[in-house]
Amino acid sequence: MPDIKRLNLITYLGRYLSIFPASVSLAQEVCRGEGKILLGAEMDGVPCGLLIADSQQDEKLLLEYIRINEDSLRMGIATALINACVELAPGRNLECHVTLVDEADLGLMRFLEKLGFEHVDSSDTVVIDRNGTTVRQWEDFMAAKGSGLIRRLEKKGLRVVSMAEAGKTVMSSLEKNLDGRFPDDMNPFFASHDILVDYSFIVLKGSEPLAYSIVVSDDGGKTAIVQFLATASDYVGSGVFFMCLASSISAFARGEQCSKVAYTVFEKNMEMRKIQEKYLAFKGQQFWRQFLFRKSGQFLAGAKLCG
Ligand SMILES: CC(C)(COP(=O)(O)OP(=O)(O)OC[C@H]1O[C@@H](n2cnc3c(N)ncnc32)[C@H](O)[C@@H]1OP(=O)(O)O)[C@@H](O)C(=O)NCCC(=O)NCCS
């Protein structure tokens with residue numbers, strides 16, 4: 001059986017990173033430190049497996065990376081790593097988001113199923129390049145239809161402001177209105193990365209916020225990620241989301257800063273699926289399918305955690 005060790009940063013960088021080249025951005029996050037759990041598996045003192053999990057969210061532990069050396073597969077090493085990880089977070093759910101890029105991911109999915117993870121949702125991450133074709137497609141759509149839709153909403157007294165120009169009153173009104181009116185998991189004050197304030201918009205009626213699109217970037221502004229697109233519960237189905245979404249996409253089409261825009265749609269989110277088909281089907285866009293697996297927290301016997 002392998003030794004499963006909790007790694008410190010020095011050991012991870014010195015002995016594991018070259019064998020398991022986790023993605024550059026993940027490695028950078030690990031170096032920043034907070035909340036990462038690093039577990040290494042060793043056979044006779046030689047690293048043969050690595051697991052990285054994020055423990056920052058209270059109710060869950062997010063399994064971000066797991067990989068076993070080619071010559072150590074099917075020996076129960078990944079199972080031992082997962083068991084040790086669950087042991088570190090009793091009572092919490094363990095989640096893993098698998099992005100389907102190649103055949104190896106199918107193996108990972110079979111493995112998670114074998115360990116009792118449940119496949120709870122799927123999503124598509126769509127990435128659109130900013131180029132002559134996509135910009136023209138958006139401008140044509142806005143000229144033919146989009147601008148008219150916005151004018152109709154403006155006649156109903158709605159207006160849209162970017163976060164850059166929103167000011168204190170609008171932002172505190174947004175903060176006050178969040179509870180109960182907007183989905184809990186779309187709180188703009190908990191955006192995961194730097195908010196691009198010129199690309200993020202709030203729809204207002206008077207000073208009351210009705211919808212928002214929050215755009216962030218985790219690569220210094222090269223890629224604009226639409227992280228939250230939310231409508232107040234009493235305005236769902238009224239089309240107000242379109243004002244902020246269209247403003248964000250227009251800012252992207254106009255601006256020079258971001259060369260790509262990305263957003264994620266969950267399979268079960270039928271409303272967003274319709275929006276996607278109707279307004280966001282760009283030529284040449286790329287899709288990454290992601291599968292969300294979850295395992296309810298429980299103590300699993302059998303793993304030995306040393307170091
Ligand atoms: C998936 C992976 C972690 C499994 O590691 P492992 O140490 O070989 O797994 P285990 O030996 O603990 O397997 C436990 C069970 O899971 C299932 N399983 C594991 N790998 C599987 C595969 N490739 N196909 C189908 N089932 C698989 C089997 O039922 C296995 O039990 P068995 O060997 O008795 O049949 C490993 O193949 C891997 O590192 N894959 C690459 C993952 C990757 O791309 N990670 C980076 C992004 S997160």
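This text gives an overview of the structure that appears in the document. (Residues numbered from 1 in each chain as written. Predicted model: local features only at pLDDT ≥ 70, side-chain atom pairs only at ≥ 80, totals over all residues. Heavy atoms only, no water.)

1. Focus: the overall build of the protein chain
Scanning the protein chain for helices and strands turns up eight helices and 14 strands. Considering the protein chain as a whole, with its 307 residues, one finds that 47% of them fall into the buried category. For the protein chain, contacts bridging at least 24 residues in sequence account for 72% of all contacts bridging at least 6. Only carbon and sulfur atoms are counted for the fraction: they give 51% of the accessible area of the protein chain, which is about 16,000 Å². Between the centroid of the 35 positive side chains of the protein chain and the centroid of its 39 negative side chains there is a distance of 5 Å. (Helix = DSSP H or I, 4+ residues; strand = E, 2+ residues; numbered from the N terminus. Buried < 20%, exposed > 50% of the residue type's maximum accessible area, 1.4 Å probe, protein only. Contact = heavy atoms within 4.5 Å. Areas by Shrake-Rupley, 256 points an atom, 1.4 Å probe, with all protein chains shown as cover. Lys, Arg positive; Asp, Glu negative; His and termini not counted. Charge placed at Lys NZ, Arg CZ, Asp CG, Glu CD.)

2. What about the nonpolar core?
Inside soluble globular proteins, nonpolar side chains tend to come together where they are buried. Grouped together as the largest cluster of nonpolar side chains are 40 residues, with contacts concentrated most on Trp-138, Val-203, Phe-242, Tyr-263, Tyr-279 and Leu-280. Listed by contribution, the elements that provide at least two residues to this core are strand S6 (118-129), helix H5 (132-155), strand S9 (201-205), strand S10 (208-217), strand S11 (223-231), helix H7 (241-254), strand S12 (260-266) and helix H8 (270-279). Top contributing element to this core by residue count: H7, with ten residues. The contact partners of Phe-242, leaving out residues within four places of it in the chain, are Phe-141, Met-142, Gly-146, Leu-149, Ile-150, Ser-247 and Tyr-279. Within the second largest apolar cluster, 30 residues are counted, among which are Cys-48, Ala-84, Phe-111 and Leu-112. (Core = buried A, V, L, I, M, F, W, Y, C linked by side-chain atoms within 4.5 Å.)

3. So, the site of the ligand
Taken together, 16 residues lie around the ligand, and Ile-66, Ile-68, Arg-74, Gly-76 and Thr-79 are the ones closest in. For the ligand, an oxygen atom lies 3.3 Å from a polar atom in the backbone of Met-75. Residue Thr-79 places a side-chain N or O atom 2.5 Å away from an oxygen atom belonging to the ligand. Here the ligand has 930 Å² of accessible area as a free molecule, and 74% of this is covered by the chains. For the shell around the ligand, the elements supplying multiple residues, two or more each, are strand S4 (60-68), helix H3 (77-88) and helix H4 (103-114). Per-element tally for the shell around the ligand: the top contributor is H4, with five residues. (Near = heavy atom within 4 Å. Polar contact = N/O pair within 3.5 Å; in protein donor to acceptor, adjacent residues only side chain to side chain.)

4. Some remarks on the pairing of S12
Within a regular strand, side chains alternate between the sheet's two faces. Relative to S12, S6 is paired through seven bridges, and the arrangement is antiparallel. The residue bridging Thr-125 from the neighbouring strand is Thr-264, located in S12. Examined bridge by bridge, S11 and S12 share four bridges and lie parallel to one another. Within S12, the residue paired with Ala-224 across the bridge is Val-261. Taken together, S11, H7 and S12 form a β-α-β motif whose crossover is right-handed. (Pairing = 2+ DSSP bridges. Right-handed = clockwise from strand over helix to strand, strands pointing away.)

5. A short note on unusual backbone geometry
Backbone phi values are negative for most residues with the exception of glycine, while trans is the configuration of most peptide bonds. At Asp-44, a residue that is not glycine, the phi angle is positive and equals roughly 50°. By the element assignment, Asp-44 lies in the loop between strand S2 (36-43) and strand S3 (46-54).

6. Structural notes on the packing of H5 against H7
One way to put it is that H5 packs onto H7 with a least axis distance of 10 Å and a crossing angle of 145°. The two elements H5 and H7 cross, and the hand of that crossing is left-handed. From H5, Val-135, Trp-138, Phe-141, Met-142, Gly-146, Leu-149, Ile-150, Leu-153 and Glu-154 reach across to H7, where they touch Phe-242, Met-243, Ala-246, Ile-249, Ser-250 and Ala-253. When the residues that make up the contact of H5 with H7 are grouped by side-chain class, the tally is twelve nonpolar, two polar and one charged. (Axes fitted to C-alpha atoms, helices over the stretch in contact; angles between N-to-C directions. Left-handed = near helix turned anticlockwise from the far one by under 90°. Nonpolar A, V, L, I, M, F, W, Y, C, P; charged D, E, K, R; others polar.)

7. Let's talk about H4
For H4, spanning twelve residues, the distance from its first C-alpha to its last is 17 Å, which sits close to the expected 16 Å at 1.5 Å a residue. Asp-105, Met-109, Phe-111 and Leu-112 are the residues of H4 that are buried. The arc that holds every buried residue of H4, seen down its axis, measures 160°, which confines them to one face. More than 90 degrees from the buried face of H4, the exposed residues found are Glu-103 and Lys-114. Buried residues belonging to H4 abut S4, H3, strand S5 (93-100) and strand S13 (286-295). Of the residues one or two after H4, Gly-116 is the one with positive phi, at around 90°. (Expected span 1.5 Å × (residues − 1). Arc of directions from axis to C-beta.)

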